[in-house]
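Okay, here's what each chain looks like letter by letter:
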Amino acid sequence: MNAYDFTVKAQDGSEVSLSQFNGKALLIVNTATGCGFTPQYEELQNIYEELHEQGLEILDFPYNQFGNQAPGADEEIHSFCTGRYGISFPQYSKIDVNGENAVSLYKWITANTKFEGFEGAMKLILAPVVKKMDKDYKNNGNIKWNFTKILIDRNGDIVARFEPTASLDKVKAKIKEIL
């Protein structure tokens, strides 16, 4: 099984097969519009503009599981992201990334990745918050916070997981490496 075997919902509710991206590298990101990491949209758009022609797709999955930071409807979220950050990469319907209602793509991701640890000063803020939600957070693959990034290679296999505190320069370097 790989990423191209999954189907997700478009913002209009239609089913979208990820097989349409077969042969491309994917950066799958769970996002929220009211998070301290939301400005990462700008850097993600820059990465997309630079590397899209070389075979990169960024897939944006809004969700509202942490701190009610994406409470809007799909249309509101999309309008915010395109208006404020000018995103042009695909944005899908709001999903759950953890728990029994998690979409199958994220069940596969969390079963096949592990938490990579928070970096920098935000570690001091995020670690205690996440620990309250998941006492065993360091030892499982659950998504810990908004803007966790999963890098998929051209074969549909998971190459890397980047927690939201990871430098986007580090993410970009890894993308370039697999392109």
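Coordinates for the structure precede this section.
Residues numbered from 1 in each chain as written. Predicted model: local features only at pLDDT ≥ 70, side-chain atom pairs only at ≥ 80, totals over all residues. Heavy atoms only, no water.

1. Some words on the packing of aromatic side chains
Stated precisely, the cut-off is as follows: Stacked, tilted and edge-to-face are the three classes assigned to paired rings of Phe, Tyr and Trp, where Trp is represented by its six-membered ring and a pair needs centres within 6.5 Å; plane angles under 30 degrees give stacked, over 60 edge-to-face, the rest tilted. Every helix listed is a DSSP run of H or I at least four residues long, and every strand listed is a run of E at least two residues long, numbered separately from the N terminus. Burial classes: relative accessible area under 20% of the type maximum marks a residue as buried, over 50% as exposed, and values in between as partly exposed (1.4 Å probe, protein chains only).
Taken as a whole and assessed by the stated rule, the structure comprises 10 aromatic pairs. Here Tyr-41 and Phe-147 contribute two aromatic rings whose centre-to-centre distance is 5.3 Å and whose plane-to-plane angle is 85 degrees, an arrangement assigned as edge-to-face. With Tyr-41 in helix α1 (residues 40–51) and Phe-147 in the loop between α4 (122–133) and β5 (149–152), this pair connects stretches of sequence that are 106 residues apart. For the pair Tyr-41 and Phe-147, a shared accessibility class is recorded, and that class is buried. Put simply, the rings of Tyr-41, Tyr-48, Phe-80, Tyr-85, Phe-89 and Phe-147 pair up and form one aromatic cluster.

2. Overview of a nonpolar patch on the surface
Quick note on the threshold: Candidate patch residues must exceed 30% relative accessible area and have no salt bridge, after which like charges are joined if within 9 Å and Val, Leu, Ile, Met, Phe, Trp or Tyr side chains if within 5 Å. Method for areas: the Shrake-Rupley scheme with a 1.4 Å probe, in which residue coverage is limited to the protein chains shown. Whenever a carboxyl oxygen of Asp or Glu lies within 4 Å of a side-chain nitrogen of Lys or Arg, that contact is scored as a salt bridge.
A contiguous nonpolar patch, built from Met-122, Leu-124 and Ile-125 and spanning about 310 Å² of accessible area, is present on the exposed surface. Relative to the elements of secondary structure, Leu-124 occurs in helix α4. With a relative accessible area of 69%, Leu-124 lands in the exposed category.

3. Digging into the packing of α1 against helix α5 (residues 168–178)
As a reminder of what qualifies: Here the axes come from fitting lines to C-alpha atoms, over the contacting stretch only for helices, and the angles between their N-to-C directions go from 0 to 180 degrees. Angle categories are assigned with fixed cut-offs, so that under 35 degrees is roughly parallel, over 145 is roughly antiparallel, 65 to 115 is roughly perpendicular, and the rest are oblique. When the near helix sits turned anticlockwise from the far one by under a right angle, the crossing is termed left-handed; a clockwise turn instead gives a right-handed crossing. The contact criterion used throughout is that any non-hydrogen atoms of two residues lie within 4.5 Å. All amino acids are sorted into three groups, where Ala, Val, Leu, Ile, Met, Phe, Trp, Tyr, Cys and Pro are nonpolar, Asp, Glu, Lys and Arg are charged, and the leftover types, Gly among them, are polar.
For the pair α1 and α5, interaxial distance at closest approach is 11 Å and the crossing angle is 20 degrees. Relative to α5, the element α1 is oriented roughly parallel. Pair α1 / α5 crosses with right-handed handedness. The residues of α5 that touch α1, namely those facing Gln-40, Glu-43, Leu-44, Ile-47, Glu-50 and Leu-51, are Leu-168, Lys-172, Ile-175 and Lys-176. Partitioning the contact of α1 with α5 into residue classes produces five nonpolar, one polar and four charged.

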